[in-house]
Amino acid sequence: MTLTVPETTSETTHLLDPRFHATGGPHDVWRWMRDHDPVHWHEPGQYPGFWSLTRYDDVRAVSRDARVFSSARGILLRPVTHGADPGGGHTLALTDPPRHKALRSLVADWFTTRSVRALEGAMRETVRAVVARAVESGECDFVTDIAARLPLYVICRLMGVPAGEQELLFSLASKAFAAGDPETRRSAHQQIMQYFTDLMYRRMVEPADDLVSALVTAEVDGELLSEEDVLLNCDNLLVGGTENVRLAVSSGMQAFLDHPDAWERLRANRELLPSAVEEVLRWTSSATHVMRTVTEPVVLHGRQIHEGERVAVWLPSANRDERVFENPDRFDIARRPNRHLALGAGEHFCLGGMLARSEMRVFFDELLDAVASVEQTGPAVPVESIVVSGLERLPVRLTAK
């Protein structure tokens with residue numbers, strides 16, 4: 001499916017088609033919306049009615065105003081038949097201040113600069129082992145065999161998953177968060193939740209220095225978290241700690257394959273790693289949209305938005321807004337400034353943002369050290385989703401130095 005610049009606003013309905021997102025076509029629609037209809041109303045249908053925001057300044061403003069634009073009623077567009085998000089009011093991602101701040105404070109120490117730096121040695125060992133296996137195997141899938149492993153192992157380590165059980169979580173996560181049979185995904189996700197149920201009970205008896213113990217033993221407003229709250233936040237941490245990095249790293253590798261001059265430039269000058277990571281985050285924008293619910297009437301660009309209505313902010317659109325980014329459709333690993341919104345803004349700025357940046361920097365640094373070349377051996381398969389963007393598969397062959 002290919003779409004050029006829309007002629008009518010009716011073509012914005014494609015934004016609710018996962019297959020359309022897999023083609024990259026939304027960027028044409030978003031560009032048109034930024035210029036002609038930056039606050040667009042989608043009539044109810046398969047999804048409840050909602051407003052779309054596509055300009056950087058509007059997306060940033062909504063993301064930073066947790067009072068007017070609430071997360072507690074859900075942060076993703078869900079089909080009407082799915083009902084309300086069960087995590088609403090329970091998880092870090094689906095709570096508003098002051099509860100959000102209280103929950104965040106329970107686990108924030110694991111994501112500080114000092115904590116992230118302490119993990120770097122283990123990160124490098126993991127990447128070296130993963131890349132060595134990939135080189136030895138010849139052709140492999142960059143997404144599953146390489147990009148997915150580092151963030152999964154890191155978050156498992158932080159959550160206190162024993163080393164001998166991490167491969168089980170990797171196997172289950174690969175099934176739960178991949179495309180394919182819905183029943184297989186559902187079954188794998190249920191097994192993940194059962195695993196964390198068992199781990200939660202273990203930590204109730206024997207607390208340790210990990211995130212699950214922090215959730216089990218800490219109090220909010222003088223009360224321990226409920227078992228439901230603990231489990232939903234474990235799920236939130238696992239997904240948040242793995243999915244965005246996996247998608248950003250694999251789509252970033254695709255960007256480097258499409259722009260080999262950028263890869264060679266980075267190989268020649270590792271001082272560009274920090275800015276290259278920021279550009280990969282902007283370019284890939286793996287979280288496609290975030291939804292908020294309006295708590296009081298507000299006017300945006302002359303449009304009256306009523307209390308209780310939903311607003312979806314499209315992060316990839318904000319990160320290609322010509323009003324903010326010079327030549328936004330150019331992959332520029334030296335881009336400065338690069339104030340992208342790939343990791344959010346305001347109260348809900350990604351808790352693991354510093355960790356994600358460190359993982360990506362270490363990953364590309366170690367990959368450049370280990371391989372002479374990365375060759376794509378078949379077509380990349382994009383994820384079909386309106387929630388995340390990235391690759392399902394990327395067949396490659398790594399050649400060792």
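Residues numbered from 1 in each chain as written. Predicted model: local features only at pLDDT ≥ 70, side-chain atom pairs only at ≥ 80, totals over all residues. Heavy atoms only, no water.

Among the nonpolar cores identified, the biggest contains 88 residues, and Phe142, Phe196 and Phe256 are the most heavily contacted of them. For this core, the element with the highest residue contribution is helix α11 (residues 227-258), accounting for eleven residues. Contact partners of Phe142, with chain neighbours within four places excluded, come to Ala147, Val249, Ser250, Met253, Phe363, Leu367, Leu394 and Val396. Within the second largest apolar cluster, 24 residues are counted, among which are Val39, Leu53, Ile305 and Ala345. (Core = buried A, V, L, I, M, F, W, Y, C linked by side-chain atoms within 4.5 Å. Buried < 20%, exposed > 50% of the residue type's maximum accessible area, 1.4 Å probe, protein only. Helix = DSSP H or I, 4+ residues; strand = E, 2+ residues; numbered from the N terminus. Contact = heavy atoms within 4.5 Å.)

Taken together, three strands build an open sheet; the order of strands is β4-β14-β11 and the sheet is antiparallel. Strands at the two margins of the open sheet, each flanked by one partner only, are β4 (139-141) and β11 (371-376). Going across the sheet, the axis of each strand differs from the next one's by a mean of 35 degrees, ignoring polarity. Two strands pair when backbone bridges link them, and β4 and strand β14 (residues 395-400) are joined in this way by three bridges, in the antiparallel orientation. Counterpart to Asp141 in the pairing with β14 is Pro395. Docked against the sheet, helix α15 (residues 353-370) engages β11 and β14, running at close to 105 degrees with respect to β11. (Pairing = 2+ DSSP bridges. Axes fitted to C-alpha atoms, helices over the stretch in contact; angles between N-to-C directions.)

The next subject is the packing of aromatic side chains. Within this structure, the stated rule accounts for twelve aromatic pairs. With a centroid separation of 5.8 Å and 80 degrees between ring planes, the pair formed by Tyr56 and Phe325 is classed as edge-to-face. Residue Tyr56 is located in helix α3 (residues 56-64), and its partner Phe325 is located in the loop between α14 (315-318) and α15; the two are separated by 269 residues in the primary sequence. Judged by relative accessible area, which is 3%, Phe325 ranks as buried. The residue whose ring lies beneath Arg149 is Phe170, and the NZ or CZ to ring-centre distance is 3.9 Å. One cation-aromatic arrangement involves Arg320 over Trp283; the distance from NZ or CZ to the ring centre is 4.2 Å. (Phe/Tyr/Trp six-rings, centres within 6.5 Å; stacked < 30°, edge-to-face > 60°. Lys NZ or Arg CZ within 6 Å of the ring centre and 35° of its normal.)

Looking now at the environment of Glu296. In this structure, Glu296 sits in the loop between β7 (289-294) and β8 (298-300). What makes Glu296 partly exposed here is its relative accessible area of 31%. Considering only alpha carbons, one finds Glu296 and Val68, 228 residues apart in sequence, at a separation of 6.2 Å. Apart from the residues lying within four places of it in its own chain, the contact partners of Glu296 are Arg67, Val68, Ile305 and Glu307. At 2.8 Å, the side chain of Glu296 forms a polar contact with the side chain of Arg67. (Polar contact = N/O pair within 3.5 Å; in protein donor to acceptor, adjacent residues only side chain to side chain.)

The next thing to look at is the pattern of salt bridges. Within this structure, the stated rule accounts for 31 salt bridges. One salt bridge connects Asp329 with Arg31, and the closest N-O pair in it is separated by 3.4 Å. Note that Asp329 is positioned in the loop between α14 and α15 and Arg31 in helix α2 (residues 26-36), a separation of 298 residues in sequence. Across the pair Arg202 and Glu165 runs a salt bridge, and its minimum N-O distance is 3.5 Å. Note that Arg202 is positioned in helix α9 (residues 182-205) and Glu165 in the loop between α7 (149-159) and α8 (166-176), a separation of 37 residues in sequence. Owing to a relative accessible area of 24%, Glu165 belongs among the partly exposed residues under this scheme. A cluster of three or more residues bridged by salt bridges with shared partners is formed by Asp28, Arg31, Arg34, Asp35, Arg320, Asp321, Glu322, Arg323 and Asp329. (Salt bridge = Lys/Arg side-chain N within 4 Å of Asp/Glu carboxyl O.)

The next thing to look at is the packing of α11 against α15. Put simply, α11 and α15 touch, their axes get as near as 11 Å, and they point 40 degrees apart. The orientation of α11 relative to α15 falls into the category oblique. Crossing of α11 against α15: the hand is right-handed. For the pair formed by α11 and α15, the contact residues are Val245, Ala248, Val249, Gly252, Met253 and Phe256 on the first element and Ala356, Glu359, Met360, Phe363, Phe364 and Leu367 on the second. Of the residues that constitute the contact of α11 with α15, the class distribution is ten nonpolar, one polar and one charged. (Parallel < 35°, antiparallel > 145°, perpendicular 65-115°, else oblique. Left-handed = near helix turned anticlockwise from the far one by under 90°. Nonpolar A, V, L, I, M, F, W, Y, C, P; charged D, E, K, R; others polar.)

Across the junction of Pro97 and Pro98, the peptide omega takes the value 5 degrees, indicating a cis bond. Within the secondary structure layout, Pro98 lies in the loop between β3 (69-70) and α4 (99-107). Of the consecutive residues Arg336 and Pro337, the connecting peptide bond is found in the cis state with omega at -5 degrees. Tracing the backbone through its elements, the reader meets Pro337 in the loop between α14 and α15. A positive phi angle is found at Asp221, which is not glycine, with a value near 55 degrees. Phi angles above zero are rare outside glycine, and Asn327 is one such case at about 45 degrees. Along the polypeptide, Asn327 turns up in the loop between α14 and α15.

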